[in-house]
Amino acid sequence: MSSYLRESLSEFWASKISKLGVIFLLIVVAVSVYTIATFPLDYGTRYWNNPRYWVDNPKAAEPQWINYFLGDKKLGHTVLSTNMPIKAYLSGGYYLKFYSVSYDLTVNQFPTFINLKLEDVKYHTRAPSATIFITRPDNKTIELYTLTIESPVPNEVPPYIRYSDEPKRILLSGEQYVVPLRLSNYLLQEYNLSRTPSEVIEIGYKKIIFGEITEEDDFQPLKGTYIFNLVLKARQGGDLIGKTTFIIGGQVYGLMGTDTLGRDLSQGLLFGFPVALLIGFAASFITTAIGASLGVTGGYIGGRVDNVIQRVSDVANNLPQLPLLIFLTFVFGGKLWVILVVLIAFGWPSLVIVVRSMILQVKSASFVEASVSVGASKWRIMARHIFPQVAPYILSQMIFFTPSAILSEAALSFLGLGDPSIPTWGQILEYGFDHGAVYLGYWWWILPPGLLIVFSAVTFVLIALGLEPVVNPRLRRRR
Amino acid sequence: MKLLEVEGLKLYYKTLRGPVKAVDNVEFTLEKGETLGAVGESGCGKSSTAIAIMKLLPTNVEQYEGKVLLDGMNVREFNEGEFRRKIRWKRISMVFQGAMNSLNPVLKAGFQVAEPLIVHQSMNKKEAIKKAKELFKLVGLPPDFTERYPHELSGGMKQRVAIAMALVLNPELIILDEPTSAIDVSIQAQIMNLLKRLKKELDISMMFITHDIALASDICDKIGVMYAGQIVELGPSENVLLNPKHPYTQKLIASVPLLRGDRTPEFIPGAPPDLVEPFKGCRFYPRCPYGKDEFEEKEPPLIEVEKNHFVKCWLYGDVK
Amino acid sequence: MDLQNIRTYFYVRKGFFRTLTVRAVDGVSLKIDQGEIVAIVGESGSGKTTLGRTALKLEKPVSGKIIFEGRDITNIKGDIKWFRRKAQMIFQDPFMSLNPYMTVKQIIEEPIVVHNFDEKERKRRILKALSDVRLLPSDEFLPKYPHMLSGGQRQRVGIARSLVLEPTLLVADEPISMIDASSRAGILFLFGEIQKKYDLGVMYITHDIATAKYVSVNIAVMYAGKIVEYGPTIEVLKNPLHPYTTALMEAVPDPDPQNRFRFRKVVPGEPPNPISPPTGCRFHPRCPYTTETCKKEEPLLKEISGRRIACHYAEKIAK
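Source: prediction; values computed, not measured.

1. Some words on the overall build of chain B
Phase 1 of the analysis: Broken down by element type, chain B carries nine helices and twelve strands.
Phase 2 of the analysis: In terms of C-alpha radius of gyration, chain B reaches 20 Å, essentially the compact-globule figure of 20 Å for 320 residues.
Phase 3 of the analysis: Taking the principal axes of the C-alpha coordinates as reference, chain B spans close to 65 × 50 × 40 Å.
Phase 4 of the analysis: A burial count over chain B gives 49% of its 320 residues as buried.
Phase 5 of the analysis: Within chain B, residue pairs in contact and separated by at least 24 positions form 63% of the contacts whose partners lie at least 6 positions apart.

Pasting the structure below:
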């Protein structure tokens, strides 16, 4: 048997197609292994479907690397944190602590938003207040906002902790009352420009904060270093902010960009690898196991058993796949195992028919008859003579069915019948289509999952094609 | 008058293991009305010789050279279009091995015989079918069998249809590759009688390929014995059968179990050589009972031992 | 082996409701003694292969008896492994009769594995079988796969496989028809040696009447499922009495350059369809001596000059 294995392997390896397929497969497997090792298993429910996890990301941002191709570069996303004040002093009975971060604007673009996040605030007597002001590269200062930490509630004892379970988030670039007023004052003070708060909203905060006025009475981005400061005015020296974070929204983010929820698409796409492999292999393995065993049994035993198996396969073959899937999704909810069950239930009949006819053919070969005439038992003949003849075909069918399963899952997810708790490429596509990604031209959201689906399917097709000459001796090149 | 002269015919196939020298320098002549037998075992190159003459080459040809002179014209050098228009089926046609299995199962037998007439001579269908019926009579089939489909005919009948197909454009030479190998013995005799009759009535030249030298004696005027891609003996049937010179021929004749004689059949130990391996000297040397060491050095030439009787063997020549 | 009036039919379904009966073997009786080789000669449709398979219980006869070593095994239920040990088959196709995924060792070993011989006994038998078929040295051949061997060698492996259980009866189904002409005599010679050495009873099935002459002691000529002539091989071939036997012999040429100037005496027509054989004597449509009786009455096997012939006019034709 081993010489045949060696010969089969060398036959398989002979074509470039197989080599390419194996390389692709290794890539897919490597990525899947990496993903399983680095991602938690409940990634889908814990992170992907949890919008709060993605709140700090820019929405519908393109991948970072497109900057290589652009002359007029886009702005990267910046998250700046600090947990220690750069200076602190006592003044007028208050402790003033300066939490500051420095931000460099290097491209000719305006940031898309400014978000402030406060975590782990501690105070001992009275709730402190915080003021935010920005120092620009041209040394102008903008006082932007003031906020007060929540006061103690009755029955609460010091030290008072705030924002430790849930950070406090203030979208400064969306605040509609304090910020426009402050900016209006800033414009008057620094530029002698008179604009009302509504006009400020009209112009857009980012332009004012990060821009300088041009001749045409418009704003142009001011490159340089900006210092974002949060000054805590506290009553006690021990009052502090655990972590202060400024998020300056960019236009590009990450390896594969983000979707409209701000989800990092590279993570979702990565997670799709092991899921695709799992679905592909599980569906094809179980389908092949069922289909092949029924085919072998029917073909070999014949008679009534064969008839029954054939009729059952015929019926199963003719059931409509999609309506049944919709119905099951309705009953059980969109779950991964539902898809698996459907794929398997509709996959096995076609294999039965082919395997059965192969068995019938092999059964009539004289070496099978020779074994009968020697007195071999039916089981021995099945195992030693008949099965090895069809095994290569069954193996190659299994490999051929894998891309089919992957594509089916993608299609089903795309139609909204998938499992929303697990990010798969089909899911990502579905979400994208649903949110107008096609019309809005969000290519980084649509193309990568589509290409990955194709890539994974092609991987298995190439391997199956490479296996063909092994399985079908007439196609062999050697000999 | 020489109808066909083949000189230095070579056909090598390209395979992954190397070039297969299926036809390696084959030479013979054929007169008008003469039947030549190409006799040899499987893999000796007799079918490949036919393919080389008919220019029905596969895609993996490594080398194809030599002269195939039909009435003095080297038709091997014709390009495919010219050969198809002027030679193939019109002047040289072929009955293939297993021809009965290569009849199109969805077309009526008569139509398949008539088709070349419609294609090559632009006859209309009615005329062509009429001619087909005449041919059916010629090969011993009832004319209304033209309406039958191949599955409605027995093996022997299908073979007759294949012969009719080969005769339809009145070729001068017809090549038959193992025409009776898949047929029962009693039908085989009928087909051989048919071929003998056609030979007499039409004065047609034939090349009869077979592995059965006794069958060759049943129709061939001249016999060429092939081994490992070469003709090792060529001459009139009387000479080759009654006075074989090449050891292989002798052994081949001796291996036939005689129905009417009493000689115990002999066998040749070993197997025919692998046509991929390069040859040194005489190819039959490893199995030859009379071989001498020096026979392995140089390939023997074709030596004329009697008038028109040639042998490719060092026993009749001088190795030096 | 004693086959008594065996009829083996096959049933073919045509369309939804019709079933056609293929009368492959239609009333054949034959005895093979220990040490005797009987040749069964016939063309396609004669039923010779089916007869051989029925004798080995690979096909079930519709009626008749199969008696082996005195025991009636026709309807024996349950395990017939003891029979399988004693009666073996040699197949026609040297390639298809060997499992391409098994080595020579595994192929030859299979029968003795199935019959549970111990390790030492296995080795002894395999080596003996290989030396009987002259496939030595054994180390060279045992690990090879069928596709590495020539046709003649493969057929010898098949013969070795059939010998390894030390049978008493062999059914050889056209064992040399798919082998090169120059190697055939070698296999035949080997076959004869083995048969003599082990005193085997052999049913030698062939369409080539000339080889029957060198192999068998008795010959049975079959036509359309029945035996038409049976007798000592040399006698039958020297002096055939049934018109079909005569026709069969006429059809086979010996290598003679004068052959091409003579038309052979052939009988017209083709062997009949086993589904609907002719009435009366099945050979009557093709026989040059047909009469009305031949069309209506089926001739039974009669004893004439030490032979059995199924023909109404055998004696007359002989004279």
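Continuing now.
2. With respect to the overall build of chain C
Phase 1 of the analysis: Along its length, chain C carries twelve helices and twelve strands.
Phase 2 of the analysis: Rg of the C-alpha trace for chain C: 21 Å, near the compact-globule value of 20 Å for 319 residues, within the 12% margin.
Phase 3 of the analysis: Considering only C-alpha atoms, chain C reaches an extent of 65 × 55 × 45 Å along its principal axes.
Phase 4 of the analysis: Long-range pairs, those at least 24 residues apart, make up 65% of the contacts in chain C between residues at least 6 apart in sequence.

3. Observations regarding the interface of chain B and chain C
Phase 1 of the analysis: Each partner contributes to the interface: chain B provides 44 residues, whereas chain C provides 37 residues.
Phase 2 of the analysis: Residue assignment for the side of chain B that touches chain C shows that the elements contributing at least two residues are helix 6 (185–202), helix 7 (213–217), helix 8 (237–242) and helix 9 (247–254) of chain B.
Phase 3 of the analysis: With nine residues, the top contributor of residues to the side of chain B that touches chain C is helix 6 of chain B.
Phase 4 of the analysis: For the side of chain B that touches chain C, the per-class residue count stands at 21 nonpolar, 13 polar and ten charged.

4. Some remarks on the interface of chain C and chain A
Phase 1 of the analysis: Counting from both sides, the interface comprises 20 residues of chain C and, opposite them, 17 residues of chain A.
Phase 2 of the analysis: Every element with two or more residues in the side of chain C that touches chain A is listed here: helix 2 (81–86), strand 6 (87–90) and helix 3 (104–114) of chain C.
Phase 3 of the analysis: For the side of chain C that touches chain A, the class distribution of residues is ten nonpolar, four polar and six charged.

5. Focus: the pairing of strand 6 (residues 92–95) of chain B
Residues and elements named next belong to chain B.
Phase 1 of the analysis: A two-sided burial pattern is seen for strand 6, the buried positions comprising Ile-92 and Met-94 on one face and Ser-93 and Val-95 on the other.
Phase 2 of the analysis: Sheet analysis places strand 6 next to strand 7 (residues 173–177), joined by four bridges and oriented parallel. Paired with Met-94 across the bridge in strand 7 is Ile-175.

6. Observations concerning the sheet that holds strand 9 (residues 218–223) of chain C
Residue and element names in this part refer to chain C.
Phase 1 of the analysis: As summarised here, the arrangement of the eight strands in space is 6-7-8-3-9-10-12-11, forming an open sheet in which the pairing is mixed. Of all the strands in the sheet, the pair left with one neighbour each is strand 6 and strand 11 (302–304). With direction set aside, neighbouring strand axes in the sheet form an average angle of 20°.
Phase 2 of the analysis: Inspection of the sheet shows strand 3 (residues 37–41) paired to strand 8 (residues 201–206) by five bridges, in the parallel sense. Looking at the pairing, Ile-40 lines up with Ile-205 of strand 8.

7. Observations regarding the pairing of strand 2 (residues 18–31) of chain B
Residues and elements named next belong to chain B.
Phase 1 of the analysis: With eleven bridges connecting them, strand 1 (residues 2–15) and strand 2 associate as antiparallel partners. By the bridge assignment for strand 2, Glu-5 is matched with Thr-29.
Phase 2 of the analysis: Between the end of strand 1 and the start of strand 2, which pair antiparallel, lie two residues.

8. Section: the confidence of the model for chain C
In low-pLDDT segments, the atomic positions of the prediction should not be examined closely.
Residues and elements named next belong to chain C.
Phase 1 of the analysis: Here chain C averages 89 in pLDDT, and 99% of its residues register 70 or above.
Phase 2 of the analysis: When the elements of chain C are averaged for pLDDT, helix 12 (residues 314–318) gives the smallest value, 74, and strand 3 the largest, 95.
Phase 3 of the analysis: Among the prediction metrics, the complex's ipTM stands at 0.86, with pTM recorded as 0.75.

9. Observations concerning the sheet that holds strand 10 (residues 230–236) of chain B
Residues and elements named next belong to chain B.
Phase 1 of the analysis: Spatially, 6-7-8-3-9-10-12-11 is the arrangement adopted by the eight strands of the open sheet, whose pairing is mixed. Because the sheet does not close on itself, it has two edges, and the strands there are strand 6 and strand 11 (303–306). Each adjacent strand pair in this sheet contributes to an overall mean axis angle of 20°, direction not counted.
Phase 2 of the analysis: Here strand 11 runs beside strand 12 (residues 309–311); their pairing, made up of three bridges, is antiparallel. Within the sheet, the bridge partner assigned to Glu-304 lies in strand 12 and is Phe-310.
Phase 3 of the analysis: Set on the sheet, helix 1 (residues 46–54) makes contact with strand 3 (35–39), strand 6, strand 7, strand 8 (205–210) and strand 9 (222–227); between it and strand 7 the angle comes to about 150°.

10. Overview of the packing of helix 3 (residues 109–120) of chain B against helix 5 (residues 155–167) of chain B
All names here are of chain B.
Phase 1 of the analysis: The interhelical angle for the contact between helix 3 and helix 5, taken along N-to-C directions, is 20°, at an axis separation of 8 Å. Considering the angle they form, helix 3 stands roughly parallel to helix 5. With respect to the hand of their crossing, helix 3 and helix 5 are arranged in right-handed fashion. Along the contact surface, helix 3 presents Ala-109, Gln-112 and Val-113, while helix 5 presents Val-161, Ala-164 and Met-165.
Phase 2 of the analysis: Of the residues that constitute the contact of helix 3 with helix 5, the class distribution is five nonpolar, one polar and no charged.

11. With respect to the nonpolar core
Phase 1 of the analysis: With 251 residues, the main nonpolar core has Ile-175, Met-207 and Val-225 of chain B together with Ile-40, Ala-160, Tyr-204 and Val-221 of chain C as its most contacted residues.
Phase 2 of the analysis: Sort the elements by how many residues they give to this core and helix 7 (residues 265–301) of chain A lands first, with 14 residues.
Phase 3 of the analysis: Among residues more than four places away in sequence, those in contact with Ile-175 of chain B are Ala-50, Ile-53, Met-54, Ile-92, Met-94 and Met-207 of chain B.
Phase 4 of the analysis: Among the nonpolar cores identified, the runner-up in size contains 35 residues, and Tyr-123, Ile-142, Val-200 and Leu-232 of chain A belong to it.

12. Side note on unusual backbone geometry
Phase 1 of the analysis: Between Pro-158 of chain A and Pro-159 of chain A the backbone carries a cis peptide bond, its omega angle lying at -5°.
Phase 2 of the analysis: Along the chain, the position of Pro-159 of chain A falls in the loop between strand 6 (141–148) and strand 7 (160–162).
Phase 3 of the analysis: Of note in this structure, Asp-203 of chain B is not a glycine but carries a positive phi near 55°.
Phase 4 of the analysis: Of note, Asp-203 of chain B is situated in the loop between helix 6 and strand 8.
Phase 5 of the analysis: Unlike most non-glycine residues, Ala-224 of chain C shows phi in positive territory, near 50°.
Phase 6 of the analysis: Locating Ala-224 of chain C in the fold gives a position in the loop between strand 9 and strand 10 (226–232).
Phase 7 of the analysis: When the 23 C-beta atoms within 10 Å are taken as the criterion, Ala-224 of chain C is described as buried.

Reading the values: rules and limits
- Residues numbered from 1 in each chain as written.
- Chains lettered and ligands numbered in written order.
- Predicted model: local features only at pLDDT ≥ 70, side-chain atom pairs only at ≥ 80, totals over all residues.
- Helix = DSSP H or I, 4+ residues; strand = E, 2+ residues; numbered from the N terminus.
- Rg over C-alpha atoms; globule rule 2.2 N^0.38 Å.
- Buried ≥ 20, exposed ≤ 12 C-beta atoms within 10 Å, placed from the backbone.
- Contact = placed C-beta atoms within 7 Å.
- Nonpolar A, V, L, I, M, F, W, Y, C, P; charged D, E, K, R; others polar.
- Pairing = 2+ DSSP bridges.
- Axes fitted to C-alpha atoms, helices over the stretch in contact; angles between N-to-C directions.
- pLDDT = per-residue confidence, 0-100.
- Parallel < 35°, antiparallel > 145°, perpendicular 65-115°, else oblique.
- Left-handed = near helix turned anticlockwise from the far one by under 90°.
- Core = buried A, V, L, I, M, F, W, Y, C linked by C-beta atoms within 7 Å.

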